[in-house]
Amino acid sequence: MQLKRYTIASLILMILVAAAVYSIDNGSISFDLLGMHFPNLPVAFWVVVPLLIMYFASLLHMGVYALMGNFKLRRLSKDHDKMIDALRDSLLGVHDRNYVYKSDAYKLMGKLVDHALILPYETLRSVGNEKIDEALELMRDVKEKKKVDIKRFHLAANTSIVIQNNLNRFERGEIDADSILSRPDSYGDIVCAKAYESYVKTASVGAVMKFKHLFTKASLIDFVQRINAGENGIQITNEELAAIFGTLKLERNDWIDLSEAMAKNMLPEQRIRLFEMLSENCDDAMEGYLYTLYDLQMIDTANEILNNTAHSDYQIFKAYRDLKRANKHYDIAIFLHRSC
């Protein structure tokens, strides 16, 4: 529209200039310029020619800058689309983000967004952009543990929102522990660990041992409580238990927790032999051994072990030993601030 107005205005100007010159001099002229001969034409025509040349030159100038402006707008438009995708990924917790922006206007914001996780207030329901609004809706639905179609977002298994959605599905019973553990790459470590916590409560020893690398301290407690239990009970050797314990970094208190859990159903003889074996290879396991002996009233054996240790070692157990000698009879679990 602007080009049409410019053309009309230029045409009017050229007509007016030609008319003015013709009214002053209606003669004709021919001339040579730069080795070229120009024919005999009215003076008014030759006056208008520079204006015509200027008109086409201005059109070329405007065309070049319009093309450059169009390229710039296209870059901005593409960068805008990338920014929308980056914002959506930031909302959904996508880890690998590296959008390349062409325009300076987006480079700074893009670098910041690519290395940030956006956690909007719950009051933000929509922003007027379809992609962002879909992400906000998905976040709300997953948080509220609703069933969602998350596949259309093509998110990786290690994305936080995918992890939470899979945990929701597991809680609702849509997927079971066997399905999750058989496809660890599809569900990720967090979901597999959660499924394994449930799995160890009912699965056979052989099935549990297939995924023993997923043991946590909490799931290990649940597992050892099943030894010789009346419901979902298992039989397992001390060597197999030692192999499981070796997959975790257990501290002194953890050994006591394990012994306490085993006390529910494990035969005392197996429990004693287990911790005797463990204490020979792990100094921290000695606390579990001492706890086991005192818990099973193997007082003389425990005292003999303590008598052969350095003065500064196992102070709590030595204090308990001294109380026993003074006829102060306390349950070892209470003495260690544990429930009986």
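Before any of the text, the structure's been laid out above.
Let me sum up the structure you'll find in this document. (Residues numbered from 1 in each chain as written. Predicted model: local features only at pLDDT ≥ 70, side-chain atom pairs only at ≥ 80, totals over all residues. Heavy atoms only, no water.)

1. With respect to the overall build of the protein
Each helix and strand counted, the protein has 16 helices and two strands in total. The C-alpha radius of gyration computed for the protein amounts to 42 Å, which surpasses the reference 20 Å derived for 340 residues by more than 25%, pointing to a less compact arrangement than a globule. For the protein, the proportion of its 340 residues judged to be buried stands at 36%. Carbon and sulfur atoms make up 57% of the accessible area of the protein, which amounts to about 21300 Å² in all. Here the protein contributes 41 positively and 44 negatively charged side chains, and the mean placements of these two sets differ by 6 Å. (Helix = DSSP H or I, 4+ residues; strand = E, 2+ residues; numbered from the N terminus. Rg over C-alpha atoms; globule rule 2.2 N^0.38 Å. Buried < 20%, exposed > 50% of the residue type's maximum accessible area, 1.4 Å probe, protein only. Areas by Shrake-Rupley, 256 points an atom, 1.4 Å probe, with all protein chains shown as cover. Lys, Arg positive; Asp, Glu negative; His and termini not counted. Charge placed at Lys NZ, Arg CZ, Asp CG, Glu CD.)

2. Some thoughts on the packing of aromatic side chains
Summed over the entire model, instances satisfying the criterion amount to 10 aromatic pairs. Aromatic side chains tyrosine 6 and tyrosine 55 sit 5.7 Å apart centroid to centroid with 20° between the ring planes, which places their arrangement in the stacked category. Within this pair, whereas tyrosine 6 is found in helix α1 (residues 2–24), its partner tyrosine 55 is found in helix α2 (residues 43–92), the two being separated by 49 residues in sequence. Given the relative accessible area of 31%, tyrosine 6 is considered partly exposed. (Phe/Tyr/Trp six-rings, centres within 6.5 Å; stacked < 30°, edge-to-face > 60°.)

3. With respect to helix α15 (residues 315–325)
All buried positions along α15 are accounted for by Phe317, Lys318, Tyr320, Arg321 and Lys324. Burial along α15 is one-sided: seen end-on, the buried residues are contained in an arc of 160°. Directly after α15, the chain includes asparagine 327, whose backbone phi takes a positive value near 60°. (Arc of directions from axis to C-beta.)

4. As for unusual backbone geometry
Backbone geometry places asparagine 228, a non-glycine residue, at a positive phi of 65°. Phi angles above zero are rare outside glycine, and asparagine 232 is one such case at about 55°. Within the fold, asparagine 232 resides in the loop between α9 (217–224) and α10 (238–245).

5. Points about the side chain of aspartate 254
By secondary structure assignment, the location of aspartate 254 is in helix α11 (residues 252–262). Look at aspartate 254 and you get buried, because its relative accessible area is 13%. Apart from the residues within four sequence positions on either side, aspartate 254 is in contact with Lys217 and Lys249. (Contact = heavy atoms within 4.5 Å.)

6. Quick word on the side chain of serine 90
Examined against the element boundaries, serine 90 turns out to sit in helix α2. The buried category is assigned to serine 90, whose relative accessible area is 0%. In terms of polar contacts, serine 90 uses its side chain to reach the backbone amide nitrogen of isoleucine 118, at 3.1 Å. Apart from residues no more than four positions distant in its own chain, serine 90 is found in contact with Arg97, Val113, Ala116, Leu117 and Ile118. (Polar contact = N/O pair within 3.5 Å; in protein donor to acceptor, adjacent residues only side chain to side chain.)

7. A few points about the environment of arginine 97
Secondary-structure assignment places arginine 97 in the loop between α2 and α3 (104–114). With a relative accessible area of 13%, arginine 97 lands in the buried category. Taking the C-alpha atoms as reference points, arginine 97 and aspartate 114, 17 residues apart in sequence, are found 5.6 Å from one another. In this structure arginine 97 touches Ala86, Asp89, Ser90, Val113, Asp114 and Ala116, once residues within four positions along its chain are discounted. Looking at arginine 97, its side chain comes within polar contact range of the main-chain oxygen of alanine 116, at 2.8 Å.

8. Concerning the pattern of salt bridges
Where side chains of opposite charge bring their charged atoms close, a pairing between them can arise. Considering all chains together, one arrives at 16 salt bridges under this definition. Glutamate 144 is the salt-bridge partner of lysine 146, the closest N and O atoms lying 3.2 Å from each other. The class of lysine 146 is partly exposed, set by a relative accessible area of 41%. With a shortest N-O distance of 2.7 Å, glutamate 174 and arginine 172 are connected by a salt bridge. Owing to a relative accessible area of 36%, glutamate 174 belongs among the partly exposed residues under this scheme. In this structure, a network of salt bridges that share partners links the residues Lys147, Arg169, Arg172 and Glu174. (Salt bridge = Lys/Arg side-chain N within 4 Å of Asp/Glu carboxyl O.)

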